[in-house]
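# Observations on the model geometry
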Amino acid sequence: MHASLLRPLAAGDRMQRKWTDGRPMAEVAAEIIKPNDRLTAFDRLEIYNRMYWFRLVDCFHDDNPGLRAMLGARKFDRLALAYLAKRPSRSFTLRNLCSGLEAFLRAEPAWTAPRTALAIDIARFEWAQTVAFDEEAFAPVTAADLGASPPSRLRLAVQPYVQLLALNHPVDAYVIAVKKRDTLRAEASNATTAARRRAAVRRIRLPRRSKTWIAVHRVENQLYYKRLESSAFRILEALRAGARLSRALARGGAGVTTGQVRDWFALWTELGWLCRRK
Amino acid sequence: MPANPFNGHTDYGIGLGLRVPHYSHILAKKPVVDWFEIISENFMCGGGRPLEVLDLILEQYRVVQHGVSMYFGSAEKPDREHLRRLKALVRRTNTPWLSDHLCWGSVDGTYTHDLLPMPYTFEAAKRTAAKIRMVRDFLEVPICVENVSSYAEFHASEMTEWEFLGEVVELADCGILLDVNNIYVSSKNHGFNPYDYLNGVPHHRVGQMHIAGHTKFEKYLLDTHDHPVLDPVWKLYAHATRLCGVTATLLEWDDRIPSFAEVHDEALKANEFIGGARGAAPAEAARVG
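Residues numbered from 1 in each chain as written. Chains lettered and ligands numbered in written order. Predicted model: local features only at pLDDT ≥ 70, side-chain atom pairs only at ≥ 80, totals over all residues. Heavy atoms only, no water.

## Considering the nonpolar core
Applied cut-off: Residues belong to one nonpolar core when they are buried, are Ala, Val, Leu, Ile, Met, Phe, Trp, Tyr or Cys, and are joined through side-chain atoms within 4.5 Å. When accessible area is computed with a 1.4 Å probe and restricted to protein chains, residues below 20% of their type maximum are described as buried, those above 50% as exposed, and intermediate ones as partly exposed. Put simply, DSSP marks the helices as runs of H or I at least four residues long and the strands as runs of E at least two long, and each gets a number from the N terminus on. Residue ranges for the domains originate in an automatic or database domain assignment. It only takes one pair of heavy atoms within 4.5 Å for two residues to be counted as in contact.
Within the largest apolar cluster, 139 residues are counted, with the highest numbers of intra-cluster contacts made by A:Leu67 and B:Phe36. The element that contributes the greatest number of residues to this core is helix H3 (residues 41–63) of chain A, accounting for twelve residues. Each of domain 1 (2–134) and domain 2 (136–170 + 209–278) of chain A contributes no fewer than three residues to this core. With residues up to four places along the chain from it excluded, the contact list for B:Phe36 reads B:Leu16, B:Gly17, B:Leu18, B:Ile26, B:Ile57, B:Tyr61, B:Arg62, B:Val63, B:Val64 and B:Phe260.

## Remarks on the pairing of strand E6 (residues 110–116) of chain B
All names here are of chain B. Note the threshold: Should DSSP find at least two bridges between two strands, the strands are regarded as paired.
Burial analysis of E6 places six of its seven residues in the buried class, which makes it a mostly covered element. Here strand E5 (residues 104–107) pairs with E6 via three bridges, running antiparallel. The residue bridging Val-107 from the neighbouring strand is Thr-110, located in E6. In this structure, the hairpin formed by E5 and E6 is closed by a connection of two residues, where Asp-108 is found at a positive phi of approximately 50°.

## A closer look at the state of the cysteines
Residue and element names in this part refer to chain B. How we decide: Any two cysteine sulfur atoms within 2.5 Å of one another count as a disulfide.
The final tally for this structure, using the stated rule, is zero disulfides over all chains. You can see Cys-103 has no disulfide; the closest cysteine sulfur is in Cys-174, sitting 13 Å from it. With a relative accessible area of 0%, Cys-103 lands in the buried category. Of the cysteine sulfurs around Cys-144, a residue in no disulfide, the closest is that of Cys-174, at 7.2 Å.

## Let's talk about the sheet that holds strand E3 (residues 212–219) of chain A
Residues and elements named next belong to chain A. We count it as follows: Note on definitions: angles span 0 to 180 degrees between N-to-C directions of axes, and those axes are lines fitted to C-alpha atoms, for helices only across the stretch in contact.
One open sheet holds the three strands; their spatial order is E2-E3-E4, and the pairing between them is antiparallel. The strands lining the two open edges of the sheet, one partner per strand, are strand E2 (163–167) and strand E4 (222–228). Put simply, the sheet's adjacent strands are angled 25° from each other on average, direction ignored. Where E2 meets E3, five bridges bridge the pair, whose relative direction is antiparallel.

## Let's talk about a positive patch on the surface
Going by this rule: For patches, a residue must show more than 30% relative accessible area and have no salt bridge; joins then use 9 Å for like charges and 5 Å for nonpolar side chains, namely Val, Leu, Ile, Met, Phe, Trp and Tyr. Method for areas: the Shrake-Rupley scheme with a 1.4 Å probe, in which residue coverage is limited to the protein chains shown. Here, a salt bridge means any Lys or Arg side-chain nitrogen found within 4 Å of an Asp or Glu carboxyl oxygen. Note on charges: Lys and Arg go in the positive column, Asp and Glu in the negative column, and His and the chain ends are not counted at all. Charged side chains are reduced to one point each, which is NZ for Lys, CZ for Arg, CG for Asp and CD for Glu.
Taken together, the side chains of A:Arg153, A:Arg155, A:Arg244 and A:Arg247 define a basic patch exposed on the protein surface. Within the element layout of this structure, A:Arg247 appears in helix H12 (residues 245–251).

## Quick look at the packing of aromatic side chains
Inclusion rule: Side-chain rings of Phe, Tyr and Trp, where Trp is taken by its six-membered ring, are said to pair if the distance between their centres is within 6.5 Å; with planes under 30 degrees apart they count as stacked, over 60 as edge-to-face, and otherwise as tilted.
In total, this model carries 21 aromatic pairs over all chains according to the counting rule given. A ring pair is formed by A:Trp264 and A:Trp268, whose centres lie 6.2 Å apart and whose planes are at 15°; its orientation type is stacked. Note that A:Trp264 and A:Trp268 are positioned in helix H13 (residues 258–271) at a spacing of four residues, about one turn of the helix. Assigned by exposure class, A:Trp264 and A:Trp268 land together as buried. Judged by centre distance (6.3 Å) and plane angle (70°), the ring pair of B:Tyr151 and B:Tyr220 falls under edge-to-face.

## Brief notes about the domain arrangement of chain A
Accessible area lost during the coming together of the parts is what is often quoted as the interface size. Residues and elements named next belong to chain A. Threshold: Summed over both partners, the accessible area lost on bringing two parts together, with a 1.4 Å probe, is the buried area. In protein, a polar contact means a hydrogen-donor-capable atom and an acceptor-capable atom, both N or O and within 3.5 Å, with residues adjacent in sequence counting only if both atoms are side-chain atoms; elsewhere, any N or O pair within 3.5 Å suffices. Nonpolar residues are Ala, Val, Leu, Ile, Met, Phe, Trp, Tyr, Cys and Pro. Charged residues are Asp, Glu, Lys and Arg, and all others, Gly as well, are polar.
For chain A, the domain assignment lists domain 1 (2–134) and domain 2 (136–170 + 209–278). Counting residues at the interface gives eleven residues for domain 1 and 16 residues for domain 2. In total, domain 1 and domain 2 occlude about 1,200 Å² of area from one another, counting both sides; carbon and sulfur atoms represent 64% of this. Across the domain 1-domain 2 interface, the total number found is six residue pairs in polar contact (both at pLDDT 80 or more). A breakdown of the residues in the side of domain 1 that touches domain 2 according to their chemical character gives seven nonpolar, one polar and three charged.

## Comments concerning the interface of chain B and chain A
In this assembly, 36 residues from chain B lie in contact with 32 residues from chain A. Taking both sides of the interface into account, the surface hidden between chain B and chain A amounts to around 3,200 Å²; carbon and sulfur atoms contribute 59%. By the criterion of area lost to chain A, the three top residues of chain B are B:His113, B:Tyr151 and B:His155, representing 21% of everything that side buries. Summed over the shared surface of chain B and chain A, the number is two salt bridges. Note that A:Arg55 and B:Asp114 form a salt bridge whose closest N and O atoms lie 3.7 Å from each other. Summed over the shared surface of chain B and chain A, the result is 23 residue pairs in polar contact (both at pLDDT 80 or more). The element best represented in the side of chain B that touches chain A is E6(B), accounting for six residues. Residues belonging to the side of chain B that touches chain A are distributed by class as follows: 13 nonpolar, 14 polar and nine charged.

Next comes the structure, spelled out in structure tokens:
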């Protein structure tokens, strides 16, 4: 039964008519499931098959509004079915449904061609929001903590909920614009038909290729996106990888000034991004 | 028997499911509610808003945990890491009992995120009961298992659903979360008498009840939790409380969720149906009923 539920639906959102070995699905279903006076065994199994796919596809849609806007509805739906067929949920929670999407897009670029690089950036950015929303937070270090140990001894970590992304496109602005548009469309649901139609067709310009470093984080449980300078990003990445402070600062590069470092650390401690390494 | 070992000897009254659209209302207005039921999986995360809201709720209200992913009927053993996280939440909420479903839903670590019906066999009952005992011993909290609504029955079944439920809970020595709406939905889908079901379960093990709305399609009923409770379900509920005593009851409303006040008013209607059970011993009340 499990294998039959996970099989993709056929046209019209119906259960496939043939089983994997070519036998009629009606025959396979009848072997395990009783019919009743209104539904055949096929009909009863189909209820579960459809519910499985509707539930997972809905979740995939909810988690990837930016990717959907970029690909368009039809291409996005094909991607959703391909991803879910190849990578069914391996977690007790649907929160993790899209954790493997980046790897899938890299492995099967045909679903997003010719804009696979952009699709990967958007998928990473949208997954980062899921993580930033409810990942663990430890007690943040303060400016006083930073001053108490010499840089060569200090082992800092970046909070688990702070997601650091080095991207090839400025997708933060794009995804914000998509969400804003979709919110306005939802609010306009009682507006005139013409206004709805205009809102529905408004396309948002795709971002051009440009190196972008972003931290997705939360403040008072609200999600925020912060652009970073590349050297600041490298320092944070080194801290996350376990480097001591002095070594992490060296990763920032020769051009980084003391004043920049002071300002960055002041901001990061104020935002609570840094904690002690366990 | 409002209080019994399976609900931690509590007497909790009428509860509501804690749902995101109601967070701000509850936190701002602090309405009087007997207790809230949370979906455990929604709070088995590292931090952020879910846990902050939960902690604020715990300051004001009693909370009971209800799970959707333990899959007592699935063949694999419970995942230890999952149990550890669940136990951490149990300690946080101090839930007097914990419920999950009598169903399966995963195979070899692949999850359907559905509550799938089981074949009602003695072998399945034995295996399921062993898993419930394992989970209870790890979590150190009473367990109630909930009957699910279903749309399919198996040729392999050797007994009725209520006989299977009774067999499992006796073998596991655990409680029952009796979902009255699920009984009604399944009775229509499978053609049995829902009162036979209610009369057939071990009433002394019922630690909690669920009520909810469902949707009628042409050929079957679907358990959608997006409507008020329908009259036949209220009647079943009244009968259930006469048999089991006035039991902690929760209204499930999970889709197309209306205002908090509307959901709360619907839940409190339960009081109109349990009058016959108040003040009488359950068995006596059932005879009168």
